[in-house]
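Tertiary structure, described
Listed below, chain by chain, are the residues.
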Amino acid sequence: MLDTTPLLTALERLTDRLRTLPESRLRRGAAAEALALAREFALRAQRIEFPGRPPAELRDAGIFAVADQLAVAGRDLALVIGTAPSGSLDEAVALVEAVEKRL
């Protein structure tokens, strides 16, 4: 099985940062960007786990829940990514790092 530690480490760093951001930063786009990443991770995980089924979109639970949504979606992806193409892990880590840089 693929070692997903790089993804989990990057994800933990980003979600910790999101949890410490002031409300004003979350409202200025940080929460929206994190939600977009959580939705992308949820879609990728569903496509891997249930290839023939249309994926469901992750709902918006609000700016104060987005870090938790990202943590859950990212961990779900990490669990199933072992069966995905080899570049999937590197791509997921790069997506987390790109969002982190923009915050």
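The structure under discussion appears in the preceding block.
First, a word on scope: everything that follows refers to the structure included in this document. (Residues numbered from 1 in each chain as written. Predicted model: local features only at pLDDT ≥ 70, side-chain atom pairs only at ≥ 80, totals over all residues. Heavy atoms only, no water.)

Taking 1.5 Å per residue, 16 residues should reach 22 Å; helix α1 (residues 5–20) reaches 23 Å between its end C-alpha atoms and fits that length. For α1, the set of buried residues is Leu7, Ala10, Leu11, Leu14, Thr15 and Leu18. An end-on view of α1 places all buried positions within 130° of arc, on one side of the element. On its buried side, α1 packs onto α2 (23–49), α3 (66–80) and α4 (87–102). (Helix = DSSP H or I, 4+ residues; strand = E, 2+ residues; numbered from the N terminus. Expected span 1.5 Å × (residues − 1). Buried < 20%, exposed > 50% of the residue type's maximum accessible area, 1.4 Å probe, protein only. Arc of directions from axis to C-beta. Contact = heavy atoms within 4.5 Å.)

Attention now moves to the side chain of Arg44. Within the secondary structure, Arg44 sits in helix α2. Here Arg44 falls in the buried class, since its relative accessible area comes to 19%. Residues in contact with Arg44, not counting those within four places in the same chain, are Leu77, Glu91 and Leu95.

All told, the structure shown has seven salt bridges when counted by the stated rule. Between Asp68 and Arg19 there is a salt bridge, and its shortest N-O distance comes to 2.7 Å. Note that Asp68 is positioned in helix α3 and Arg19 in helix α1, a separation of 49 residues in sequence. Taking the relative accessible area as the measure of exposure, Asp68 reaches 41% and is therefore partly exposed. Under the relative-accessibility criterion, Arg19 is labelled partly exposed at 44%. Residue Glu91 pairs with Arg44 through a salt bridge whose shortest N-O separation is 2.7 Å. Note that Glu91 is positioned in helix α4 and Arg44 in helix α2, a separation of 47 residues in sequence. Salt bridges sharing partners connect three or more residues here, namely Asp16, Arg19 and Asp68. (Salt bridge = Lys/Arg side-chain N within 4 Å of Asp/Glu carboxyl O.)

We now examine α2. The sharpest bend along α2 reaches about 60° and sits at Gly29. Every buried residue of α2 is accounted for by Leu26, Ala30, Ala31, Ala34, Leu35, Leu37, Ala38, Phe41, Ala42, Arg44, Ala45 and Gln46. Those residues of α2 hidden inside the fold are in contact with α1, α3 and α4. (Bend = angle between axes of the 7 residues up to and from the residue.)

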